[in-house]
Amino acid sequence: QLPAARVEALSLSGLSAIPPEYVRPADERAGLGDAFDLARTHANDHTAPRIPVVDISPFLDSSSQQQQRDECVEAVRAAAADWGVMHIAGHGIPAELMDRLRAAGTAFFALPVQDKEAYANDPAAGRLQGYGSRLATNTCGQREWEDYLFHLVHPDGLADHALWPAYPPDYIAATRDFGRRTRDLASTLLAILSMGLLGTDRGDALEKALTTTTTRTAADDDLLLQLKINYYPRCPQPELAVGVEAHTDVSALSFILHNGVPGLQVLHGARWVTARHEPGTIIVHVGDALEILSNGRYTSVLHRGLVNREAVRISWVVFCEPPPDSVLLHPLPELVTEGHPARFTPRTFKQHLDRKLFKKKQQHKAKAEEE
Ligand code: AKG
């Protein structure tokens, strides 16, 4: 088997036109462009909708008033319902730790491609963790303009540090600490989101529905956090390519940091909105698992990653997922009423993932037959 072509190597080769397998179909190309141009247009358009910024510090500060907490619950609820995405401020993760995480991932990707190959994954052989590039999984043979590093980050007992970069020396410590802090943030947000659905005294509902454990200790925690570092090289024809094609996340929540280069777009109404740079915040997506538990009250946000000519974009996405087989995901019983029947059939996380992949394959097949 030939080694996978790395997009970074392609980008560094200085080509002026991208290979045909990276060119998206005409219907998808309509809204694409250089992410810097789109971000500038969005910033200058004062009527453009903006992804909400929500400060959750009242939940981390024991001296805060109930009214501040209620306002915070309502702001998070509204953002999760109307957008399925928000910038979280006041999240309690130290800026210094976020800088260390970014510095570590950036230093790893600054290594020559051949050094990173020591960490190559092999999805065909079932080895998903490691350094990779999305292969064409669809019948159209289309590829995405990015390389990535993927591994489980929490719980620490399940993380295989042998698969994590040994360089830079701070990679493991910084990434592990960030995973731990993100796990705590996930609990805080799930509590706020639960209160938004069921009231102040039901803050435990969502986390209970996502896990099998009643006490959260390092040993028995079964909410899994997977880290994907996306590396989007410069692209000579950003109007023809995407870094990550439009999708919703299968996770309950996803947390995103990035290096300040624009690229993330989310669908709001019928419009693609470019995420702004909100320094210090963490972007949070509602994923499919939370949409199911909330019976559709919270929206699993459709999003994509665009590329640009000028600068490398790097993003750190932590997917927060229930265990694959031991939890049955279904709408919380209190949210299923005569007026609001269940919109989702019960399924495990793994079944949901399999169904989604199957549907995607069917769609590609139907499209290929059409053409
Ligand atoms: C993904 O990796 O699933 C993404 O959606 C990446 C988004 C981003 O790079 O901001």
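Residues numbered from 1 in each chain as written. Predicted model: local features only at pLDDT ≥ 70, side-chain atom pairs only at ≥ 80, totals over all residues. Heavy atoms only, no water.

Moving on, we come to the sheet that holds strand β5 (residues 224-232). Taking strand neighbours across the sheet as the criterion, the eight strands line up as β1-β2-β10-β7-β12-β5-β4-β3 in an open arrangement whose pairing is mixed. Whereas interior strands pair on both sides, the edge strands pair on one side only; in this sheet they are β1 (53-55) and β3 (130-133). Neighbouring strand axes in the sheet, compared pairwise and without regard to direction, differ in orientation by 30 degrees on average. Relative to strand β4 (residues 147-154), β3 is paired through four bridges, and the arrangement is antiparallel. In the strand pairing of β4, serine 133 is matched with aspartate 147. (Pairing = 2+ DSSP bridges. Helix = DSSP H or I, 4+ residues; strand = E, 2+ residues; numbered from the N terminus. Axes fitted to C-alpha atoms, helices over the stretch in contact; angles between N-to-C directions.)

Our next topic: the site of the ligand. The environment of the ligand is made up of Lys228, Asn230, Tyr232, His247, Ile256, Leu264, His303, Arg313, Ser315, Val317 and Phe319. A distance of 3.0 Å separates an oxygen atom of the ligand from a polar atom in the side chain of lysine 228. In isolation the ligand exposes 290 Å². Once the protein is present, 97% of that is buried. Elements with a contribution of two residues or more to the shell around the ligand: β5 and β12 (313-321). Considering every element that reaches the shell around the ligand, the biggest residue donor is β12, with four residues. Residues that form the shell around the ligand fall into these classes: five nonpolar, four polar and two charged. (Near = heavy atom within 4 Å. Polar contact = N/O pair within 3.5 Å; in protein donor to acceptor, adjacent residues only side chain to side chain. Areas by Shrake-Rupley, 256 points an atom, 1.4 Å probe, with all protein chains shown as cover. Nonpolar A, V, L, I, M, F, W, Y, C, P; charged D, E, K, R; others polar.)

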